[in-house]
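Overview (structure and organization)
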Amino acid sequence: MPTPPPIYLNASASISPYALEETSPPLPYPRLRCIEPDYKDFIDPRMIRRMSRVVKIGTAAAVACLREAGVDMPGAILTGTTYGCLEDTEQFLHKMVAQNEEMLTPTAFIQSTHNTIGAQIALLLQCHAYNNTYAHRAFSFEHALLDAVLLLREKEAPNALVGGLDEITDVLYCVLSRFDLYKPAADHATADASEGTIAGEGAAFFLLSPEKTPATTAQLLDVATFYKPENMPERVAVFLQKNNLAASDIDLLLWGKNGDSRYDGLYDAVAEHALPSIPAAGFKQLCGEYPTAAAFATWLAVQILSGKTIPKGLLPNTGVLPKKILIYNHFYNIHHSLILLGGP
Amino acid sequence: MESLMQDLKAKIIVQLNLQDVSPEQIGDDQPLFMEGLGLDSIDALELIVMLQQHYGIRIANPEDGPKIFQSVRTIAEYITAHQKTA
C-alpha cells in the first residue's frame, strides 16, 4: 500500500512540569504542575490580565513554537483540550452561586469555553486563518493533529500550528481524587503494583508543514485513534502494516505507562505481542497523567529525534539514537492512540 | 469626592486585573478608554457591574456609558449625583 507523503514538524515548544535544565528542582509528585515562564516575554501584557493560567500556558507555548519556526502567521490554528478553561469556568460558576445569579461579570464567562486558547492565539497574532478546537476527551490532541494533516494534504493551508493542552485545578484534582485516579501517597509515577497515578498538565505546540525545511525536526508519519479497542496488539500490528513497517523498524516505543497497576499491563501486552524486543521508554514520570499527555509525548519524541537535550536515563542504553518512534498512549483503557514519528 | 476617586481607582485595578498599575498612576481626568488606560468594551461591562455591586448604581440608559466612563472623575460625579438622588 503506498504511504502518503509525510508531514514535517518544523518547530515545537512545550510548557510542562519538566524542565530541561539540570538545576531544576525535583518534580513534586503526586501532583505535577507546569513550570511557568515569564509570560510578558510571550504575550502582550494588556492581554495577560484577562487570561487564566491555562490560557497563558497555551498561548505562551504557541508563541514559543512560532518563534522557533520563524513564522509570524500560521496558515491554521488547531488546539486540542479535554478540560478547556476550567479556572474560568469555576470562577464563573462560583460567582453564580455566591451572587445568586446576579451581577455576573463577563470576562470569566467569555473565557470559559474550550476554544479560548485558540482564539487568544489568533487575537494575539491577528490571524484570520482556519481556527478549530477539538474537545474530544482524550482524543482531543490527536484529532487536532489529524485535522492539520488533512488540511495540509489537501493544500488548504501552507502550515498549521497544532497544540494539545490541559490544566489541573485544585477543584479538578480534588474531584478526580475521589474517583481514585491518583496515588494517595507521594509515590513515583513508575512505582510498581499500586493503584492510581500522578496528576499532570501541560501544553505542547507544533508547527506542521508539507515542506521540509532546514529547521525540520521530525516527520509525522501517521496518527490513529482507537476507542475501547478489544485487541490493541492486533491494532498496532495493522497500523505498522499500513505504514509498510515491520515491528523491528521501530527504534523506540514511547509508552504512556503511568504507574497505575490497573492499566499498565495493557502497555506490556502491546510490547510483548506487537513490538517484541523493541526498546521502550515512558514519559508520564515527566508530565503526569492528563488527557492530552500525548502532546507532551510528541514534543519529547521530537527532542529525541532531533538530537536535542533529553532527560538523563530516559532512553534504554542501546547506543543508537532512535530514528523511528511510536508513541502509544491510552487514557484509562478508553481512548487509545498511536502516533508514528520519524527523524528529519 | 477625593476619597471616592481613590476608592474607585483601587476597585478598577482589582476588577479589571490591571497588573503593574497602581492607583497613583491613574489620573483623575485621564481617559479610561482608548489612548488613556486602554480599556475596551469588555472592561466597560465589568465597570457597569462594579458600579452596581459596590455602589448600588444601575445605569439605566446605556447611551450614557461613554460620558460616565470618560474618567475616574466622571464616574465619581455620576456616583455622587445618583447616590444622593437614590
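You'll find the structure just up there.
Here is a short report on the structure shown in this document. (Residues numbered from 1 in each chain as written. Chains lettered and ligands numbered in written order. Predicted model: local features only at pLDDT ≥ 70, side-chain atom pairs only at ≥ 80, totals over all residues. Heavy atoms only, no water.)

1. Describing the interface of chain B and chain A
- Each side of the interface is counted separately: chain B has 15 residues, and chain A has 11 residues.
- Counting across the interface, chain B meets chain A through four salt bridges.
- Its salt-bridge partner being Arg49(A), residue Asp43(B) comes within 2.7 Å of it at the nearest N-O pair.
- Elements supplying a minimum of two residues to the side of chain B that touches chain A: helix H1 (2-16) and helix H2 (41-55) of chain B.
- With seven residues, the single largest contributor to the side of chain B that touches chain A is H2(B).
- Considered class by class, the residues forming the side of chain B that touches chain A number six nonpolar, five polar and four charged. (Contact = heavy atoms within 4.5 Å. Salt bridge = Lys/Arg side-chain N within 4 Å of Asp/Glu carboxyl O. Helix = DSSP H or I, 4+ residues; strand = E, 2+ residues; numbered from the N terminus. Nonpolar A, V, L, I, M, F, W, Y, C, P; charged D, E, K, R; others polar.)

2. Examining the sheet that holds strand E7 (residues 252-255) of chain A
Residues and elements named next belong to chain A.
- Spatial ordering of the open sheet is given by E3-E2-E4-E5-E1-E6-E10-E9-E7-E8, a layout of 10 strands whose pairing is mixed. Looking along the sheet, the strands with just one partner apiece sit at the ends: strand E3 (130-134) and strand E8 (280-282). Each neighbouring strand pair of the sheet contributes to a mean axis angle of 25 degrees, computed without reference to strand direction.
- As defined by bridge partners, strand E4 (residues 160-166) adjoins strand E5 (residues 202-209) across seven bridges and the pair is classed as antiparallel. Looking across to E5, one finds that Gly164 is bridged to Ala204. (Pairing = 2+ DSSP bridges. Axes fitted to C-alpha atoms, helices over the stretch in contact; angles between N-to-C directions.)

3. Overview of the pairing of E5(A)
All names here are of chain A.
- Summarising burial for E5: eight of the eight residues are buried, a large majority.
- Bridging between strand E1 (residues 7-15) and E5 involves seven bridges; their strand directions are antiparallel. Across the sheet, Ala13 pairs through a bridge with Phe205, a residue of E5. (Buried < 20%, exposed > 50% of the residue type's maximum accessible area, 1.4 Å probe, protein only.)

4. Re the packing of aromatic side chains
Residue and element names in this part refer to chain A.
- Tallied over the entire structure, the rule returns eight aromatic pairs over all chains.
- Between Phe92 and Phe109, the ring centres sit 4.8 Å apart and the planes meet at 40 degrees, which makes this aromatic pair tilted. Of this pair, Phe92 sits in helix H3 (residues 86-98) while Phe109 sits in helix H4 (residues 106-110), placing them 17 residues apart in sequence.
- Overall, Phe92 belongs to the buried group, its relative accessible area being 16%. (Phe/Tyr/Trp six-rings, centres within 6.5 Å; stacked < 30°, edge-to-face > 60°.)

5. Considering empty space enclosed by the protein
All names here are of chain A.
- Counted under the stated rule, the structure contains one cavity of 30 Å³ or more.
- Each pocket or cavity is described by its volume, and for the largest cavity that value is around 50 Å³.
- What lines the largest cavity is simply Tyr83, Ile168, Leu172, Leu176, Leu181, Tyr182, Gly200, Glu289, Tyr290, Pro291, Phe331 and Tyr332.
- The residue inventory of the lining of the largest cavity, partitioned by class, reads 10 nonpolar, one polar and one charged.
- The two domains that each donate at least three residues to the lining of the largest cavity are domain 1 (7-209) and domain 2 (218-342). (1 Å grid on protein atoms, 1.4 Å probe; cavity = no way out; pocket = protein on both sides within 12 Å on 5 of 7 lines; lining within 4 Å. Points joined across faces, edges and corners; volume = space filled by probe spheres on them. Domains from an automatic or database assignment.)

Any functional reading would require information that these geometric values do not contain.
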